Amino acid sequence: MRFILPSLEYEQKAKDFIREFYEYSSEINGTGGLDRFLREETYALWLEKVRSDLDIANTLPGKAAAYTYFYLREDDMKII
């Protein structure tokens with residue numbers, strides 16, 4: 001297992017990750033809004049949001065700077 005930063009390389013794996021929540025009717029938490037972006041926007045725009053979340057100098061009022069990682073299972077490269 002290892003943490004990785006989200007990138008375009010992991011787009012399909014990220015979509016599969018969210019799809020599994022829907023498949024099992026699970027509550028979605030801790031995804032940095034990925035589920036919402038995949039419904040309403042695009043994965044690429046979510047990546048921009050993830051990058052902007054790191055910018056502590058320009059964090060919006062009421063928000064905190066944040067890092068978002070994927071937790072990757074290395075034997076099959078699945079986001080868990």
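Remember, predicted model here, so these are calculated numbers, not experimental data.

Novice: So what exactly am I meant to see when it comes to helix H1 (residues 11-23) here?
Specialist: In an α-helix, one turn spans 3.6 residues, which is why side chains three or four residues apart end up on the same side. Helix length check: H1, at 13 residues, gives a terminal C-alpha distance of 18 Å against a target of 18 Å (1.5 Å per residue), a fit within 8%. Residues Ala14, Phe17, Ile18 and Phe21 constitute the buried set of H1. Viewed along the axis of H1, the buried residues span an arc of 85°, placing them on a single side of the element. Where H1 is buried, its residues meet helix H2 (34-40), helix H3 (43-52), strand S2 (70-73) and strand S3 (78-79). Two residues or fewer after H1 comes Ser25, characterised by a positive phi angle close to 50°.

Novice: I would appreciate a short explanation of the side chain of Thr68 in the present structure.
Specialist: As for its position among the elements, Thr68 is in the loop between H3 and S2. Every residue in contact with Thr68, bar those within four places of it in the chain, is listed here: Leu5, Pro6, Trp46 and Val50.

Novice: Where do I start with the packing of aromatic side chains in this structure?
Specialist: Aromatic ring pairs are reported here in terms of the distance separating the ring centres and the angle at which the planes meet. If you walk through the whole model with that rule in mind, you get six aromatic pairs. Put simply, the rings of Phe3, Tyr67, Tyr69 and Tyr71 touch in pairs and so form one group of aromatic residues.

Novice: Can you help me understand the environment of Ile80 in this one?
Specialist: Turning to its location among the elements, Ile80 is positioned in the segment after S3. Ile80 gets classed as partly exposed once you look at its relative accessible area, which sits at 39%. Each C-alpha atom, one on Ile80 and one on Ile18, is 9.9 Å from the other, the two residues being 62 residues apart in sequence. Non-local contacts of Ile80, meaning those with residues more than four positions away in its chain, are made with Met1, Phe17, Tyr71 and Arg73.

Novice: What am I meant to see in the side chain of Asp35 here?
Specialist: Mapping Asp35 onto the fold places it in helix H2. A polar contact is formed between the side chain of Asp35 and the side chain of Thr31, at a distance of 3.2 Å. Once residues lying within four places of it in the same chain are set aside, the contact partners of Asp35 are Ile18, Tyr22 and Ile28.

Rules and cut-offs
- Residues numbered from 1 in each chain as written.
- Predicted model: local features only at pLDDT ≥ 70, side-chain atom pairs only at ≥ 80, totals over all residues.
- Heavy atoms only, no water.
- Helix = DSSP H or I, 4+ residues; strand = E, 2+ residues; numbered from the N terminus.
- Expected span 1.5 Å × (residues − 1).
- Buried < 20%, exposed > 50% of the residue type's maximum accessible area, 1.4 Å probe, protein only.
- Arc of directions from axis to C-beta.
- Contact = heavy atoms within 4.5 Å.
- Phe/Tyr/Trp six-rings, centres within 6.5 Å; stacked < 30°, edge-to-face > 60°.
- Polar contact = N/O pair within 3.5 Å; in protein donor to acceptor, adjacent residues only side chain to side chain.

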